[in-house]
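# Summary of structural features
The chain contents come next:
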Amino acid sequence: MTPTTEKFGNLRPTNPAILEWVTHTASLTQPDVIFWCDGSEAEKNYLLEQSIQQNILQPLNQTKWPGGYYHRSHPNDVARVEQCTYICTETAEEAGPTNNWADPKEMYQKLYGLLKGSMRGRTMFVVPYLMGPPGSPLSKVGIELTDSLYVVLNMRIMTRMGEVAYRHITEENGFNRGTHSTLDCHPERRFICHFPADNAIISVGSGYGGNALLGKKCLALRIGSALGRRWGWMAEHMLLLCVESPEGEKSYIAAAFPSACGKTNFAMLIPPKSFEGWKITTVGDDIAWMRPGPNGRLYAINPESGYFGVVPGTNMQSNPNAMRSMEKDTLFTNVAITPDGDVWWEGKDNPPPKDLLDWKGNPWDPKSGEKAAHPNSRFTAPMYNNPVLAKEADSPKGVPIDAIIFGGRRATTMPLVFEAFNWTHGVYIGATVGSETTAAAVGVMGQVRRDPMAMLPFCGYNMGSYFRHWLNMRHHIAILPRIFHVNWFRKDTEGNFLWPGFGENMRVLKWIVQRCKNTIGAIEAPIGWMPRYQDLDWKGLPEITPEKFAQLMKIDTKEWLHELMLQDELFMKIYTTLPKELVYQRELLIARL
Ligand code: GTP
Ligand code: SPV
Ligand code: MN
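Keep in mind the model is a prediction, meaning the values are calculated, not measured. (Residues numbered from 1 in each chain as written. Chains lettered and ligands numbered in written order. Predicted model: local features only at pLDDT ≥ 70, side-chain atom pairs only at ≥ 80, totals over all residues. Heavy atoms only, no water.)

This next bit is on the environment of Phe 549. Note on placement: Phe 549 falls in helix α14 (residues 546-553). Phe 549 gets classed as buried once you look at its relative accessible area, which sits at 5%. Linking Phe 549 and His 237, residues 312 residues apart in sequence, is a C-alpha distance of 29 Å. Every residue in contact with Phe 549, bar those within four places of it in the chain, is listed here: Pro 531, Arg 532, Tyr 533, Leu 536, Trp 538 and Ile 544. (Helix = DSSP H or I, 4+ residues; strand = E, 2+ residues; numbered from the N terminus. Buried < 20%, exposed > 50% of the residue type's maximum accessible area, 1.4 Å probe, protein only. Contact = heavy atoms within 4.5 Å.)

Laid out in structure tokens, this is it:
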């Protein structure tokens, strides 16, 4: 095994299981060199230099974007690929009807075939990473073997990478084995495969986001959810935020919205001017690991240490904290660039700068109707750049959750906000979330589909068993979080958003926090508890009149009956494992409507 240089790539762990696995993978993939990453600054600078030389990254204008770099992915490789994502369990039943299933033996054989000699002429990076704050009982170790420099540089931001990971390996917890090779980046040779029984992931044929940064969706959600079910905790596609009231009282909120439906924005929300004294800080923007704590509450950590955020639509008005998070040491993927190394995307500012190169590298014509930045273009930024990072983001203990919010992107049917009657009803609300598809995954955009708990693409086992696990959690949490549903995306008949969203979402959040403390009213509606106009704080937002509010909150029985039919499609699909409680919840809702 040749190290890359005298100076870098030599952090060899002593753990024989790691050494054996790395040797085995290297003899299969046959890289020219093995580079053992240590996560240091010096190593980062060396890897950045290498990636510039190899045309993987392009430095941005360092005055405007200190430490900023630009990457264009292969144009066929710009989002997650659900049709190429597999859960490989002993039986198809374990993976369930909402996942692609493959027999582990057959899939290993196919993948080994593809990996054979795949790293010839390349370097294999050994990336040790810790998911979660150092010292947290919830944290987990992964090791990713990858032939992509871009992946290494992203993992460095998104996870706590380096020696700290090796130190956290215990007999009991072990480590996740992730193997990643870009191969020739051909969609026909693209497979994102999970082996929960082996705590292993093999991903080939893609270098992009959730397909390739194995700590994120693959480990933290698909493998994580399977581990959580077994060991009594939860891995969820949720942001985590802290709301501090003017009196200094803190509440912690977890919220699950599907991909590209507003988690990062909500996690970094800046309250409207009239909300003086209210403060939001970010614990996490995409993933939460939660488990019952000794005091009867549900505690959550953010396993990540960076943001892989949607760029289009982000600007100083919509999300200033995200803009500030990108100010330094940030990687931009698939945005548009100017000749002087500046970046641009739809919704950044107007007019667009002259002589832009689009995300494919072609001169961009504003009149062409084509997007300059890919709709799923992303920034990768360290969470420590976030001006409103919660200090709890590094807390090993995590934060006690007061409320769980589900939400989706819905032009119709779903009101701005409502509250579940109880935990079981809340699980039903989460289980039946519908949302319009977005650019975060390859496929048709804008189609309403069921996305239970925003986990449809990320649940590593049978969806019915996952609902059962959610229902069971109530026996282990003495002080249950309250459950809510929100929709920022309702539209009027002309197709305009009815709700201003972003910072104004604070008004809904305040009601939620007050509900948790039993200090605000609501009325009982067929679908749950709903605020009356006077229950929300409207100071500084005169445009939401009682009439407009009624439009935002409207429950149209016809639309709801249609909604119930759509829910039924999911329930039929997973019928054999669907908990009966959820069927009863559906019956009760029909009766109330
Ligand atoms: P993933 O990283 O894919 O999981 O996405 P996310 O859930 O973190 O979504 P994000 O916050 O990045 O928002 C996605 C898109 O929705 C962006 O273009 C935002 O500008 C837009 N968006 C976010 N919040 C709101 C809102 O309250 N109202 C409206 N109209 N758009 C929003
Ligand atoms: C998502 O799609 O939910 C993301 C982006 O957060 S990715 O990392 O590609 O999964
Ligand atoms: Mn996400």
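Additional details are given in the paragraphs that follow.
Residues in contact with ligand 1 amount to 22 residues; listed here are only the nearest, Ala 260, Lys 263, Thr 264, Asn 265 and Arg 378. Gly 262 places a polar main-chain atom, nitrogen or oxygen, 2.9 Å from an oxygen atom of ligand 1. Contact between ligand 1 and Lys 263: an oxygen atom at 2.8 Å from a side-chain N or O atom of the residue. Contact with the protein chains covers 92% of the free accessible surface of ligand 1, which is 660 Å². Listed by contribution, the elements that provide at least two residues to the shell around ligand 1 are α9 (263-267) and β18 (306-310). Examining the composition of the shell around ligand 1, we find that 3 residues originate from one element, α9, more than from any other. (Near = heavy atom within 4 Å. Polar contact = N/O pair within 3.5 Å; in protein donor to acceptor, adjacent residues only side chain to side chain. Areas by Shrake-Rupley, 256 points an atom, 1.4 Å probe, with all protein chains shown as cover.)

Glancing now at the nonpolar core. Residues Phe 266, Ile 404, Ile 405, Phe 467 and Trp 470 are the most contacted members of the largest nonpolar core, which totals 133 residues. The leading source of residues in this core is helix α5 (residues 149-158), at 8 residues. Here this core gathers at least three residues from each of two domains, domain 1 (4-57 + 77-231) and domain 2 (236-306 + 392-592). The contacts of Trp 470, once residues within four sequence positions are left out, are Met 234, Glu 236, Met 238, Ile 404, Phe 406, Trp 423, Val 427 and Met 453. Ala 322, Phe 332, Ile 337 and Ala 373 belong to the second-largest nonpolar core, a separate cluster that totals 19 residues. (Core = buried A, V, L, I, M, F, W, Y, C linked by side-chain atoms within 4.5 Å. Domains from an automatic or database assignment.)

Another aspect to go through is helix α1 (residues 16-29). With 14 residues, α1 should reach 20 Å at 1.5 Å per residue; the first-to-last C-alpha distance of 20 Å fits that figure. Taken together, the buried positions of α1 are occupied by Ile 18, Trp 21, Val 22, Thr 25, Ala 26, Leu 28 and Thr 29. Looking straight down α1, one finds that the buried residues subtend no more than 160° of arc, so they occupy a single side. Those residues of α1 that are exposed and aimed more than 90 degrees away from the buried face are Pro 16, Glu 20 and Ser 27. (Expected span 1.5 Å × (residues − 1). Arc of directions from axis to C-beta.)

In the neighbourhood of ligand 2, the contacting residues comprise Arg 80, Gly 209, Gly 210, Lys 216, Lys 217, His 237, Ser 259, Asp 286, Phe 308, Arg 378, Ala 440 and Phe 458. For ligand 2, an oxygen atom lies 2.8 Å from a polar atom in the backbone of Gly 210. Residue Ser 259 places a side-chain N or O atom 2.5 Å away from an oxygen atom belonging to ligand 2. Coverage of ligand 2 by the protein chains reaches 98% of its 280 Å² of free accessible surface. Among the elements of the structure, α7 (209-212) and α8 (215-231) are those that each provide at least two residues to the shell around ligand 2. Tallied by class, residues from the shell around ligand 2 come to 3 nonpolar, 4 polar and 5 charged. Of the domains in this structure, domain 1 (4-57 + 77-231) and domain 2 (236-306 + 392-592) are the two that each give at least three residues to the shell around ligand 2. (Nonpolar A, V, L, I, M, F, W, Y, C, P; charged D, E, K, R; others polar.)

Before going further, it helps to examine the pairing of strand β16 (residues 288-292). Examined bridge by bridge, strand β12 (residues 234-236) and β16 share 3 bridges and lie antiparallel to one another. Each bridged residue has a counterpart across the sheet, and for Glu 236 the counterpart in β16 is Ala 288. Examined bridge by bridge, β16 and strand β17 (residues 298-301) share 4 bridges and lie antiparallel to one another. When the sheet's bridge partners are listed, Pro 292 is paired in β17 with Leu 298. (Pairing = 2+ DSSP bridges.)

Many structure descriptions define interface size as the accessible area lost when the parts assemble. Partitioning the protein chain into structural domains gives domain 1 (4-57 + 77-231), domain 2 (236-306 + 392-592) and domain 3 (309-381). Each of domain 2 and domain 3 has a C-alpha centre, and the two are 29 Å apart. On the domain 3 side, the residues contacting the 9 residues of domain 2 number 11 residues. In total, domain 2 and domain 3 occlude about 850 Å² of area from one another, counting both sides; carbon and sulfur atoms represent 60% of this. (Buried area = accessible area lost by both parts, 1.4 Å probe.)

Bringing the sheet that holds β12 into the picture now. An order of β12-β16-β17-β23 is seen for the 4 strands of this open sheet, with the pairing classed as antiparallel. Unpaired on one side and paired on the other, β12 and β23 (399-400) mark the two borders of the sheet. Against the sheet, α8 engages β12 and β16, with an angle of about 150° to β12. (Axes fitted to C-alpha atoms, helices over the stretch in contact; angles between N-to-C directions.)

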